[in-house]
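Coordinates in review
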Amino acid sequence: DHRDLHSFPTRRSSDLMKVLITGGTGFIGSHTVVSLQEQGFEVVIVDNLSNSDSAVLNRIAKITGKESYFYCEDICNRDALKNIFSEHQDIVAVIHFAAFKAVGESVEQPLKYYHNNITGLVSLLEEMKSARIPNIIFSSSATVYGQPENLPATEDSPVLPATSPYGNTKQINEQILRDFLLVNQDLKGISLRYFNPIGAHPGGLIGELPIGTPNNLMPFITQTAIGKHAELKVFGNDYNTPDGTAIRDYIHVVDLAEAHVVAMNALLNNSLKENYSVFNLGTGNGFSVLEVIQSFEKTTGVKLPYRIVERRPGDVEQIYASTKLANEVLGWKAKYSLDDMTLSAWNWEKRLSEQHFSYDDKV
Ligand code: NAD
Ligand code: WQD
């Protein structure tokens, strides 16, 4: 049963397109499933729940009124992938979120990261190729730029040597995709380099679910404000920035999710020049740590206890995205402000504390 790859991309608006989302119960994956379902896609999720909760599935269904197919499987398990692709022969594309993402842990346990993040992509590509699935979108990261010499960072900015095994897996995965697509010109792929995704769906039903103490700024802020930590440590105020604290390009996870739908449509409509492309996903605006704290305090009315401490090793001073390519080629632009991000993150934290994910919420 060999499908003709070239008959794939013509898309009628009445078609219900089915896509496979790896890591679909995770933070960015769950928001993307919502956007895809809202845009009329059918979604198959594969996630081994190593960093997420199956209760997310019902939450997604509450938001969109649509169910997803769900497989609790490890993407390194090729037989499991084979089975999913044979049960859903009408899958037209894959969005690949499944990976481990804790930078510090990757330094402590490099093989855990190399195994999951590299083997995961390789096994996925092998099974996509044999099931003749022609499109893939990969979750890359602005971490590939390190500290760029010139700002904003464009897609042509040099990829600098990674400072952690996690960051290295993103660089290697981009290379794997590029090499694979070079010799498989009938297949197409996009790497999306996310800047700093924060915030949550405005209804407070889904959001980030950090396991253990969060390393990232936004969940640490909301957990401190709700009383789980005594104070936020601000890592350094002696950077060469206006207020001395480090600058990042924070992007609302709902904007990020919508960018995946736009990128998916670009693949399905065959509208990109090359069969492999890379896009930055950010707002184009840099904000300092103190500006994020100020936004949080202003939108929520909650005073945040914080203290300036030493710089965190490995942190870059400042980075923000050039969004020109995504704006012009994909026609996508972020809509939400920093205030929307900090407020939605807070609403999610409050919902989490009132209404824990519970077992009867699970499917
Ligand atoms: P997340 O941990 O919330 O989601 C990842 C999901 O993948 C989790 O649900 C986890 O259970 C699942 N998973 C991990 N390994 C798996 C495996 N072998 N098989 C099946 N499922 C597996 O993380 P996220 O923040 O949603 O990130 C999604 C992707 O985006 C990751 O690839 C991450 O590296 C990338 N990314 C994230 C950020 C960020 O700041 N959140 C920034 C840049 C890139
Ligand atoms: C943001 C700013 C900190 C915590 C990391 C990964 C990157 C990407 C996104 C996946 C920095 C400061 C933080 C705290 C603080 N992930 N901070 N106190 O480091 O830009 O990026 O997540 O790809 O690869 O490296 O994000 O949220 O950790 O930090 O002062 O308790 O907040 O120093 O300036 P980062 P972050």
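Refer to the structure above for everything that follows.
Residues numbered from 1 in each chain as written. Chains lettered and ligands numbered in written order. Predicted model: local features only at pLDDT ≥ 70, side-chain atom pairs only at ≥ 80, totals over all residues. Heavy atoms only, no water.

1. Notes on the site of ligand 2
Rules: Throughout this document, a residue counts as near a molecule or strand when at least one of its heavy atoms sits within 4 Å of that molecule or strand. Areas reported here follow the Shrake-Rupley algorithm with a probe of radius 1.4 Å; residue values treat only the protein chains shown as occluding. Secondary structure counts use DSSP, requiring at least four H or I residues in a row for a helix and at least two E residues in a row for a strand, with both numbered from the N terminus. All amino acids are sorted into three groups, where Ala, Val, Leu, Ile, Met, Phe, Trp, Tyr, Cys and Pro are nonpolar, Asp, Glu, Lys and Arg are charged, and the leftover types, Gly among them, are polar.
Around ligand 2, a shell composed of 18 residues is seen, among which Y166, L217, K233, R248 and D315 lie nearest. Protein coverage of the free-state accessible area of ligand 2, which is 680 Å², stands at 87%. If one sorts the elements of the shell around ligand 2 by residue count, strand β8 (residues 232-235) sits on top with four residues. When grouped by side-chain class, the residues that make up the shell around ligand 2 number nine nonpolar, five polar and four charged.

2. A closer look at the site of ligand 1
Basically, it comes down to this: Polar contacts here mean pairs of N or O atoms no more than 3.5 Å apart (in protein, one a potential hydrogen donor and the other a potential acceptor; neighbouring residues in sequence count only if both atoms are side-chain atoms).
Taken together, 26 residues lie near ligand 1, and D47, N51, S52, N116 and Y166 sit nearest. In this structure, N116 approaches ligand 1 through a side-chain N or O atom, which is 2.7 Å from a nitrogen atom. Taken by itself ligand 1 offers 820 Å² of open surface, and the protein chains cover 95% of this. Secondary structure elements with two or more residues in the shell around ligand 1: α1 (27-38), β5 (135-141) and α6 (165-182). Looking at the shell around ligand 1 residue by residue, the class counts come to 10 nonpolar, 11 polar and five charged.

3. Considerations on the layout of surface pockets
To be explicit about the condition: Within this scheme a cavity is a closed region of a 1 Å grid, computed over the protein atoms alone, that accommodates a 1.4 Å probe without allowing it to escape, whereas a pocket is open but has protein on both sides within 12 Å along at least five of seven lines; lining residues each have an atom within 4 Å of a point. Grid points are joined across faces, edges and corners, and a volume is the space filled by probe spheres set on the points.
Approximately 250 Å³ is the volume found for the second largest pocket. Contributing to the lining of the second largest pocket are E155, D156, S271, L272, K273, E274, Y276, S277, V278, F279, L325 and V329. Among the elements of the structure, β11 (276-281) and α10 (324-330) are those that each provide at least two residues to the lining of the second largest pocket. Take the lining of the second largest pocket: its biggest share by element is four residues, from β11. By residue class, the composition of the lining of the second largest pocket is six nonpolar, two polar and four charged.

4. With respect to the pattern of salt bridges
Close approach of charged atoms allows side chains of opposite charge to pair. Defined as follows: Put simply, a salt bridge is a Lys or Arg side-chain nitrogen that is within 4 Å of an Asp or Glu carboxyl oxygen. To sort residues, take the accessible area from a 1.4 Å probe on protein chains only and compare it with the maximum for the residue type: under 20% means buried, over 50% means exposed, and anything in between is partly exposed.
Using the criterion set out here, one finds 14 salt bridges in the structure. Residue E208 is joined to K101 by a salt bridge in which the shortest nitrogen-to-oxygen separation is 3.9 Å. With E208 in the loop between β7 (196-198) and α7 (217-225) and K101 in the loop between β4 (91-96) and α4 (103-108), the pair connects residues that are 107 residues apart, well separated along the chain. Overall, E208 belongs to the buried group, its relative accessible area being 12%. One salt bridge in this structure joins E258 and K335, with 2.9 Å as the shortest N-O distance.

5. Here we look at the side chain of T25
Spelled out, the test is: By definition, residues are in contact when any of their heavy atoms lie within 4.5 Å.
Counting through the fold element by element, T25 comes out in the loop between β1 (18-22) and α1. Of note is the side chain of T25, whose polar atom sits 2.9 Å from the side chain of D47. Leaving out residues up to four positions away in the same chain, T25 has contacts with S30, I45, D47, L49, S52, D53, V56, L57 and F70.

6. A look at the sheet that holds strand β2 (residues 42-46)
Let me state the cut-off plainly: Should DSSP find at least two bridges between two strands, the strands are regarded as paired. Between N-to-C directions, angles cover 0 to 180 degrees, with each direction set by a line fitted to C-alpha atoms, over the stretch in contact for helices.
Reading across from one edge, β3-β2-β1-β4-β5-β6-β11 is the order of the seven strands in this open sheet, with parallel pairing throughout. Either end of the sheet is taken by a strand with one partner, and the two such strands are β3 (69-71) and β11. Across the sheet, the axes of successive neighbouring strands diverge by a mean angle of 20°, strand direction being ignored. Of the pairings in the sheet, the one linking β1 to β2 comprises five bridges and is parallel in character. The partner of T22 across the bridge, within β2, is V46. Sitting on the sheet, helix α5 (residues 110-131) touches β1, β4 and β5, and the angle it makes with β5 is about 170°.

7. Overview of empty space enclosed by the protein
In total, this model carries one cavity of 30 Å³ or more according to the counting rule given. Looking at the largest cavity, its volume works out to about 90 Å³. Forming the boundary of the largest cavity are I198, G199, E208, P210, M218, P219, T222, Q223, A345, W348, E349 and L352. If you list the elements that add at least two residues to the lining of the largest cavity, you get α7 and α11 (338-354). Classifying every residue of the lining of the largest cavity gives seven nonpolar, three polar and two charged.

8. With respect to the pairing of strand β6 (residues 188-194)
Where a strand is regular, its side chains alternate between the two sheet faces. What counts, and what does not: The path from the first strand over the helix to the second decides the hand: if it runs clockwise while the strands point away from the viewer, the crossover is right-handed.
The element β6 is largely enclosed, with a buried count of seven among its seven residues. Side chains K188, I190, L192 and Y194 of β6 all project onto a buried face; the interleaved residues G189, S191 and R193 project onto the opposite face, where all are buried too. Both β5 and β6 contribute to a ladder of seven bridges, which runs parallel. Note on β6: the bridge partner recorded for S140 is R193. With α6 bridging β5 and its parallel neighbour β6, the resulting β-α-β unit is right-handed.

9. Description of the packing of aromatic side chains
For any pair of aromatic rings, the description rests on two quantities: the centre-to-centre distance and the angle between the ring planes. Here is the rule we go by: Note on aromatic pairs: the rings of Phe, Tyr and Trp (six-membered ring only in Trp) are paired at centre separations within 6.5 Å, and the planes decide the class, stacked below 30 degrees, edge-to-face beyond 60, tilted for the rest. Only lysine NZ and arginine CZ atoms are considered, and such an atom sits over a ring when it is within 6 Å of the ring centre and within 35 degrees of the ring normal.
Summed over all chains, the structure comprises three aromatic pairs. For the ring pair Y145 and F195, a centre distance of 6.2 Å and an interplane angle of 35° mean the geometry is tilted. Taken as a pair, Y145 in the loop between β5 and α6 and F195 in the loop between β6 and β7 lie far apart in primary sequence, 50 residues in all. Comparing Y145 with F195, the two get one shared label, buried. Above the face of the Y239 ring, R311 is positioned so that its terminal group lies 4.0 Å from the ring centre.

10. Digging into the environment of G203
As for its placement among the helices and strands, G203 is situated in the loop between β7 and α7. Overall, G203 belongs to the partly exposed group, its relative accessible area being 41%. Measuring from C-alpha to C-alpha, the distance between G203 and G26 comes to 17 Å, with 177 residues separating the pair along the chain.

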